[in-house]
Amino acid sequence: MSTSRRDFLATSAAAVAAAALPTDAQASRLEGAPALIGLGESGLRARPCVVASANGLRGVEVAYNQISAGADTLDAIIAGVNIQELDPEDTSVGLGGLPNRDGVVQLDASCMHGPTKRAGAVGCLEDIATPSLVAKAVMDYTDHVMLVGQDARRFAIEMGFQTQNLLTEKTRQEWLRWRARLNPNDSFLDYDGNVDIKFTTGTINMNAVNAAGDLSSVTTTSGMAWKVPGRLGDSPIVGAGQYCDNTVGAAGSTGRGEANIKTCASYQIVEFMRGGLAPRDAALRTLERVVAMTERRLLDDRGRPKFDLQFYVVHKDGRYAGASLYEGAGFAVCDERGPRVEHCAFLYRRTERPR
Ligand code: ASP
């Protein structure tokens, strides 16, 4: 990395951090604030703290309130992501998630429970709207970590989950439009002339620390739209889509899962924090690793990825961060100052992104 880019990174990241964190003076004014922890020059950070992708704004508040009332961190953040999973308007996850190439919704999810050092995951799950809860059921009721495909579905039904058609009329129409544009020489007629459907990503990740410093993480998704049937993204992969170590912190991701899987990015972020990096720096350093591990076909002529990837991080001490390859992403956070969306730190300005 050149010196000038290092300077740029430091400046942009510091600006975001300054906006994101309370000063000592601000923090001392908060009445009844739970478990404020002094960190010297870095200011005061509060626990509990819940961070998520921006679509988790409603969820972080639900999770924060539940944790403040004494709920387990994993139960609370799963309640938080359930809101999006059950929302048919969120086309990135659960009910109403965009389908695969064949018009079938296949869901991925994973979770980790810090205090008990357990993990659960499901991949390519069909017909069950809340894969996060199925992942937790794998964790709670089996000796395994991951179940996939039709057997994951069968397991969910055995555990009492209800099946339903997850394709909504809206996502069915989007799939039809995508299919009509796929190949000008196939037998499908043009669907309409004005909708530009691209490969789409979208997911919800949520991570939390409670007042005692216990942590959990969860990620749930319908994965990349129009994917090859059977494709697993990063979300169900422990260490990629999310990771949690109760002695250090938790991290998770949204964006191009294939890039994340190759770098075990959520694990890497936690490891960088274990080595002493702040959440923001750990995430930015990991994004640099992602760029370094990107194959040539996915880089523009300036060596920048043609995709985006975001990380959401919370440290055991209550510090938190969101970070993205490109400028403009936000993340949801809730602590004693209430739910809000903050700017992600980033490696590249959006204007520099290739068209
Ligand atoms: N990471 C998800 C995946 O690759 C998609 C996303 O976050 O948008 O399946």
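Residues numbered from 1 in each chain as written. Predicted model: local features only at pLDDT ≥ 70, side-chain atom pairs only at ≥ 80, totals over all residues. Heavy atoms only, no water.

### As for the overall build of the protein
Operational definition: Every helix listed is a DSSP run of H or I at least four residues long, and every strand listed is a run of E at least two residues long, numbered separately from the N terminus. The cut-offs for exposure are 20% and 50% of the maximum accessible area for each residue type, with area from a 1.4 Å probe on protein chains only; residues under the lower value are buried, those over the upper are exposed, and the others partly exposed. For this analysis, residues touch if any pair of their heavy atoms sits within 4.5 Å. Only the protein chains shown count as covering a residue, and every accessible area follows the Shrake-Rupley method with a 1.4 Å probe.
Secondary structure summary: the protein contains 10 helices and 15 strands in total. Of all 355 residues assigned to the protein, the portion counted as buried reaches 56%. For the protein, the proportion of contacts with a sequence separation of at least 24, taken over those separated by at least 6, is 63%. If you sum the accessible surface of the protein, you get close to 14,900 Å²; carbon and sulfur atoms cover 51% of it.

### Observations regarding the packing of aromatic side chains
Counted only if it meets this: A pair of aromatic rings is counted whenever rings of Phe, Tyr or Trp (Trp by its six-membered ring) have centres within 6.5 Å, and the orientation is called stacked for planes under 30 degrees apart, edge-to-face for over 60 and tilted otherwise. Our definition puts a charge over a ring when NZ of Lys or CZ of Arg is within 6 Å of the ring centre and also within 35 degrees of the ring normal.
For the coordinates displayed, the defined rule picks out four aromatic pairs. Measuring from centroid to centroid gives 5.0 Å for Y243 and Y267, while their planes differ by 80°, and the two rings are edge-to-face. In this pair, Y243 is assigned in strand β9 (residues 242–245) and Y267 in helix α9 (residues 265–274), connecting sequence segments 24 residues apart. For Y243, a relative accessible area of 16% corresponds to the buried category. Residue classification places Y267 among the partly exposed positions, given a relative accessible area of 35%. A cation over an aromatic ring shows up here: R256 above the ring of F307, its NZ or CZ 5.6 Å from the ring centre. A cation over an aromatic ring shows up here: R285 above the ring of F272, its NZ or CZ 5.5 Å from the ring centre.

### Comments concerning the pattern of salt bridges
Defined as follows: We define a salt bridge as a contact between a side-chain nitrogen of Lys or Arg and a carboxyl oxygen of Asp or Glu at a distance within 4 Å.
Counting across every chain of the model gives 20 salt bridges. D127 is the salt-bridge partner of R153, the closest N and O atoms lying 2.8 Å from each other. Placement of R153 in helix α6 (residues 149–158) and of D127 in the loop between β5 (118–125) and α5 (131–141) is noted, with a sequence separation of 26 residues between them. Take R153: its relative accessible area is 22%, and that puts it in the partly exposed class. For E258, the salt bridge identified is with R231, shortest N-O distance 2.8 Å.

### Focus on the nonpolar core
What counts is decided by this rule: In plain words, nonpolar cores are sets of buried Ala, Val, Leu, Ile, Met, Phe, Trp, Tyr and Cys residues tied together by side-chain atoms within 4.5 Å.
Among the nonpolar cores identified, the biggest contains 41 residues, and V51, I269, L287, F311, V314 and L325 are the most heavily contacted of them. With six residues, helix α10 (residues 279–292) is the largest single contributor of residues to this core. Beyond its immediate sequence surroundings of up to four residues, L325 is in contact with L287, V291, P305, F307, D308, L309, F346, L347 and Y348.

### Some points on the side chain of T221
Selection rule: Here a polar contact means two N or O atoms within 3.5 Å. Within protein one must be a hydrogen donor candidate and the other an acceptor candidate, and residues neighboring in sequence count only if both atoms are side-chain atoms.
Its place among the elements puts T221 in strand β8 (residues 215–221). You can call T221 buried: its relative accessible area is 2%. Polar contacts involving the side chain of T221 include one to the main-chain carbonyl oxygen of S92, which spans 3.4 Å. In this view, T221 contacts S92, V93, Q106, L107, D108, G202, T203 and S235; residues no more than four positions away in its chain are not counted.

### Some details on the sheet that holds strand β3 (residues 49–53)
The strands that make up a sheet pair up through hydrogen bonds in the backbone, lying either parallel or antiparallel. To keep things clear, this is the line we draw: Two strands qualify as a pair provided DSSP detects at least 2 bridges between them. Here, axes are lines fitted to C-alpha atoms. For helices the fit covers the stretch in contact, and angles between N-to-C directions go from 0 to 180 degrees.
The strand order across the open sheet formed by eight strands is β6-β5-β4-β8-β7-β3-β13-β14, and the pairing between neighbours is mixed. Strand pairing shows two members of the sheet lacking a second neighbour, β6 (146–148) and β14 (338–343), which therefore form its edges. Strand-to-strand twist of the sheet, defined as the mean angle between neighbouring strand axes without regard to direction, takes the value 10°. Note: β3 against strand β13 (residues 330–335), four bridges, orientation antiparallel. Note on β13: the bridge partner recorded for V51 is V333. Running over the sheet, α5 touches β4 (107–113), β5, β6 and β8 and is turned about 130° from β5.

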